[in-house]
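Chain by chain, the residues run as shown.
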Amino acid sequence: MKQRDILLIGLMLFSMFFGAGNLMFPPLLGAQAGTSLWLALFGFIVTAVGLPLFVLIAISLVKGGAQELGNRVHPRFSSAFTVIVYLSIGPFLAIPRNANVAYEMGFKPFIDSSPLTLFIFTAIFFALVYAISLNPSKMVDYMGKWITPILLLAMAVLCIAAFTQLHEPLQAPKAKYEASAFFAGFIDGYSTMDALASLAFGIVILTALQQRGITDSQKLTRYTAKAGFIAGIALAAVYIALGLLGAKMAPQGSFENGTTILSSAASLLFGQGGNMLLGFIFTLACFTTCVGLTTACGQYFAKLVPKASYKTMALIVTLVSFGLANLGLNQILTVSVPFLVMAYPLTIVLVALAFLHRFFAGSRAVYASAMLFTGMFSLYDGLKMFGLESSILNNVTNSLPFSAAGLGWVVPAIVGAIVGSIISRFGSQQSTHKTNHAS
């Protein structure tokens, strides 16, 4: 396979990953982390770059993709978990969020905003998303050759201007970055949703490689890793640049979120033209991510429902996304963060077990027990964000190591894996004993 093809697939993967959350969260992290910027960025890159890369590799190691990975726990778990992941990174959360952010940043500042203008924008936006999603085989050409280079160039213009014109020193870190900047950045990385997206994008990358004649499992894994590494380098570079931009902008005032930081920076550096540049960046980034997610969801649900064609499922995903996008950004974000707090630990543990698979002979008991223990604690963390909590359960979770950093599920996951290993060994010994006794 030509190196040029791997590069284009890597750039396509970058553009699929790089959407609303990837633009919004690093500048806010930079503004709040201040002098703790580098430690916070390191934690952010671990979950926003490293984890998605490991998920992609884990998906390439199993022939059935995310579905087969979940089957190692239990087929019913696999079905429920995979469907929830695809719905969340697809029509129920991520796609509407990206479309809304494209509208908020790309068009709302320049027009008289109303529900009607949002409706018209999203109608045109999703019509274009569907049109490009109809030809998944052309995505490498569309996104790798043209869209990604243009997006990176526009980002470079904004960030280089900020670095050369903003010279004030970094401020003191905000509260959550004072004591544990790394772990605060680690949790912030969840918000990009890229680890969950990797579960879906894996099938798109594998399909792109197979269309180029790569069928050997080892080669698929190797080329997937190379494409993921290219996308990861680009993502990390952009996160560092945006984090620095946010840190440089912090002395200019207080900001509600990353979009206001970027808007203020664009206006300060380029005036009205800066807002147009930023709107272009957001619209392009969100559009490419929506195309990638629509394609991934269409391919998955077409396999899940054999009687439905890919085009039909892609259309359904597009129409549902279009409907939810018109609810507004705030409603979407209110639901997405608690869900991510519940889903990410399960994803992390499942992928970690996939890489350790051979050390415990792929025992289903280990998978199931580790996921059960993790799920109990991550579920409660998510429910707390919805306001559903108990003082007794709070005392239990707060006593766990790393709970202050939002990682209280780590020790239960390890305990669950150990319990599963004991159950597996006990079961195998019992089976051996019965066999010997019968003979």
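That block above? That's the structure.
Let me begin by describing the structure that accompanies this report. (Residues numbered from 1 in each chain as written. Predicted model: local features only at pLDDT ≥ 70, side-chain atom pairs only at ≥ 80, totals over all residues. Heavy atoms only, no water.)

Attention now goes to the environment of Thr260. Relative to the assigned elements, Thr260 resides in helix 13 (residues 258-270). Between the C-alpha atoms of Thr260 and Leu28, which are 232 residues apart in sequence, the distance is 9.1 Å. (Helix = DSSP H or I, 4+ residues; strand = E, 2+ residues; numbered from the N terminus.)

Before going further, it helps to spend a moment on unusual backbone geometry. For residues other than glycine, phi is negative in most cases, and the peptide bonds are mostly trans. Its identity as a non-glycine residue notwithstanding, Ala361 has a phi of 55 degrees, on the positive side. Position of Ala361 among the secondary structure elements: in the loop between helix 16 (329-355) and helix 17 (364-385). In this structure Ala361 comes out as exposed when scored by relative accessible area, which is 72%. Here Phe402, not a glycine, exhibits a phi torsion of approximately 70 degrees, which is positive. Its place among the elements puts Phe402 in the loop between helix 18 (391-398) and helix 19 (410-438). (Buried < 20%, exposed > 50% of the residue type's maximum accessible area, 1.4 Å probe, protein only.)

In the contact formed by helix 11 (residues 194-210) and helix 12 (residues 217-249), the axes pass within 10 Å of each other and the chain directions differ by 130 degrees. In terms of orientation, helix 11 and helix 12 fall into the oblique class. Relative to helix 12, the crossing made by helix 11 is right-handed. Residues Asp194, Ile205, Leu206, Leu209 and Gln210 of helix 11 lie in contact with helix 12, whose contacting residues are Leu220, Tyr223, Thr224 and Tyr239. Split by residue class, the contact of helix 11 with helix 12 holds six nonpolar, two polar and one charged. (Axes fitted to C-alpha atoms, helices over the stretch in contact; angles between N-to-C directions. Parallel < 35°, antiparallel > 145°, perpendicular 65-115°, else oblique. Left-handed = near helix turned anticlockwise from the far one by under 90°. Contact = heavy atoms within 4.5 Å. Nonpolar A, V, L, I, M, F, W, Y, C, P; charged D, E, K, R; others polar.)

Let us look at the environment of Gly19. Positionally, Gly19 belongs in the loop between helix 1 (3-17) and helix 2 (20-33). Discounting chain neighbours no more than four positions away, the residues touching Gly19 are Asn98, Ala285, Cys286 and Thr289.

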